[in-house]
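# Understanding the architecture of this molecule
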Amino acid sequence: MEQLVTSPDNPAPARSRTPHQLLQPAEQQASGAPRPHRRMRRTLAVTALFAAGALALSACGGDASAGGNDDGKNGQAGADAAAKKDASDAKIKVSSKDGATNASINDTGVKVTGGKLTDVKLTAADSGTAVAGAISSDGSSWKPGAQLERGTKYKIVANAKDGKGRPATENATFTTVSSANSFIGSYTPDDGKTVGVGMPVSFNFDKAITNKKDVQSHITVSSSSGQQVVGHWFGAQRLDFRPEDYWKAGSKITMKINLDGVKGGQGITGVQSKTVSFTIGRSQVSTVDMNTQTMTVKRDGKTYRSIPISGGSADHPTYNGQMVISEKFEQTRMDGSTVGFGGEYDIKDVPHAMRLSSSGTFLHGNYWGSPSIFGNSGTSHGCVGLRDNKGGGGDTPAKWFFNESLVGDVVIVKNSHDQTVKPDNGLNGWNLSWSDWKAGSEA
């Protein structure tokens with residue numbers, strides 16, 4: 001007898017019963033022989049049970065062939081395929097990876113291809129404070145409006161739509177690099193400044209740099225004049241750049257800082273990414289002669305003015321060498337105790353002061369000295385004094401020179417009985433020969 005197994009996917013065909021199917025043959029009814037249909041029913045039941053179990057097992061295993069004619073299109077695989085087919089073409093990328101603990105504070109942003117951004121929200125995770133930002137005009141990117149804080153956890157949610165209006169979303173949570181694990185370089189001059197021909201680019205890092213070569217290679221300084229510019233390390237935390245000779249007057253200097261993500265040493269990473277430019281003004285180089293107690297000011301190579309001065313005394317001579325004006329103060333306090341002179345002087349209103357060294361050498365106005373000392377004798381504790389009035393008023397040599405000077409102008413002192421100023425004492429790297437300067441480069 002043919003055995004028929006049924007299942008939900010293969011139902012038994014409907015049959016009409018005829019009289020001969022309902023009645024047993026007469027000889028079987030009359031006989032006392034066993035009835036074989038009971039064994040057959042038992043066999044059919046076992047077979048059907050086995051088939052149902054096989055069906056259940058194959059369905060869990062995802063075998064499309066076990067389901068009769070079902071090829072999977074109507075199952076989960078089909079649903080997944082349909083969803084994939086209808087997925088948005090917009091692909092969103094967040095620059096900081098989800099879960100990152102050293103994310104950039106400068107380059108965090110969102111980009112999308114195959115669609116346009118519709119909304120981006122960046123918030124500080126702990127406080128919930130929103131970070132303002134803007135989507136680009138073409139909808140392809142988003143950037144925060146300000147630099148992120150170091151060592152802060154942020155959450156970002158970005159939404160976009162493709163050309164068919166189908167949405168896409170990307171989420172990320174990340175933490176920016178901490179202060180303990182990052183380094184920053186304070187630099188001079190600032191962007192947009194006009195400075196003198198002697199102004200170097202000077203970086204002071206907040207942590208010791210051991211990977212000097214990589215750090216230096218990610219800072220480039222170039223001049224519109226075409227002068228070669230080389231970096232020089234003073235220890236582990238200071239890096240200066242200068243050309244062989246003074247900058248050409250009127251040239252434009254461009255500094256590109258690409259330290260974001262650069263390893264400065266064990267456990268510290270840079271976070272700066274910036275371009276800075278400044279302009280070199282007219283050339284002004286002034287020479288102080290201690291033998292004659294005069295200063296000759298040259299503008300663009302020509303003598304501009306000669307000014308009587310009073311330099312350092314025999315006991316406290318002024319440094320020799322090329323010094324660069326690094327700061328200017330209309331008025332400042334000069335306290336001898338801050339530079340190793342105890343209580344020898346403390347003048348609270350020194351007018352027209354210009355710093356020449358980190359150790360306290362200034363070129364400044366002097367209103368307390370007799371007019372007779374200027375041009376005749378050195379009376380200071382190492383500074384260069386010019387005649388001035390208390391309060392800085394009036395038409396005085398000190399006021400004139402202050403107004404005519406730029407940060408970055410050069411003041412050369414010669415014929416003093418002191419040593420040459422050290423190149424790292426202020427912005428005074430010009431006292432190194434070009435070969436010595438290049439020897440301190442890690443390029």
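Computed from a predicted model, the values in this text were never measured in an experiment. (Residues numbered from 1 in each chain as written. Predicted model: local features only at pLDDT ≥ 70, side-chain atom pairs only at ≥ 80, totals over all residues. Heavy atoms only, no water.)

A separate point is the overall build of the protein chain. When its secondary structure is counted, the protein chain shows seven helices and 28 strands. Among the 443 residues that make up the protein chain, the fraction classed as buried is 39%. Here the contacts in the protein chain between residues at least 6 apart in sequence split such that 64% fall between residues at least 24 apart. When the accessible surface of the protein chain is totalled, it reaches about 24,400 Å², and 49% of it is carbon and sulfur. (Helix = DSSP H or I, 4+ residues; strand = E, 2+ residues; numbered from the N terminus. Buried < 20%, exposed > 50% of the residue type's maximum accessible area, 1.4 Å probe, protein only. Contact = heavy atoms within 4.5 Å. Areas by Shrake-Rupley, 256 points an atom, 1.4 Å probe, with all protein chains shown as cover.)

For threonine 396, the position within the fold is in the loop between strand S27 (384–387) and helix H6 (397–404). Residues within four places of threonine 396 in sequence aside, it is in contact with Arg387, Asp388 and Asn389.

Moving on to the pattern of salt bridges. What the rule picks out here adds up to eleven salt bridges. Across the salt bridge formed by arginine 238 and aspartate 240, the nearest N and O atoms sit 2.7 Å from each other. As far as the burial class goes, arginine 238 and aspartate 240 line up, both buried. Between arginine 355 and glutamate 327 there is a salt bridge, with the nearest N and O atoms lying 2.8 Å from each other. One end of the pair, arginine 355, is in strand S25 (residues 346–355); the other, glutamate 327, is in strand S24 (residues 327–335), and 28 residues separate them in sequence. Classification of glutamate 327 as partly exposed rests on a relative accessible area of 33%. Each of Arg333, Asp335, Asp346 and Lys348 takes part in one network of salt bridges that share partners. (Salt bridge = Lys/Arg side-chain N within 4 Å of Asp/Glu carboxyl O.)

Taken together, the side chains of Lys93, Lys97, Lys111 and Lys143 define a basic patch exposed on the protein surface. Following the sequence through the fold, lysine 143 ends up in strand S6 (residues 141–144). (Patch = residues over 30% accessible without salt bridge, like charges linked within 9 Å, V, L, I, M, F, W, Y side chains within 5 Å. Lys, Arg positive; Asp, Glu negative; His and termini not counted. Charge placed at Lys NZ, Arg CZ, Asp CG, Glu CD.)

Cis peptide bonds are those with omega within 30 degrees of zero, and the linkage from threonine 188 to proline 189 qualifies with 5 degrees. Relative to the helices and strands, proline 189 resides in the loop between strand S10 (185–188) and strand S11 (194–195). Of note in the backbone geometry, histidine 352 takes a positive phi value of approximately 50 degrees without being a glycine. Within the secondary structure, histidine 352 is located in strand S25. The phi torsion at asparagine 415 lies on the positive side, around 65 degrees, for a residue other than glycine. With respect to the helices, strands and loops of the structure, asparagine 415 is situated in the loop between strand S28 (410–414) and helix H7 (434–439). Residue asparagine 415 is classed as partly exposed on the basis of its relative accessible area, which comes to 37%.

This brings us to the sheet that holds strand S17 (residues 263–265). Reading across the sheet, the three strands line up as S9-S18-S17 and stay open at both edges, with mixed pairing between neighbours. Strands at the two margins of the open sheet, each flanked by one partner only, are strand S9 (182–183) and S17. (Pairing = 2+ DSSP bridges.)

Here the focus is the sheet that holds S27. Spatially, the four strands line up as an open sheet ordered S24-S25-S26-S27, and their pairing is mixed. Strands with a single pairing partner mark the edges of an open sheet, and in this sheet they are S24 and S27. Strand-to-strand twist of the sheet, defined as the mean angle between neighbouring strand axes without regard to direction, takes the value 40 degrees. Pairing between S24 and S25: seven bridges, direction antiparallel. What sits directly across from aspartate 335, in S25, is aspartate 346. In the packing of H6 onto the sheet, the strands contacted are S24, S25, strand S26 (362–366) and S27, and the crossing angle to S25 comes to about 45 degrees. (Axes fitted to C-alpha atoms, helices over the stretch in contact; angles between N-to-C directions.)

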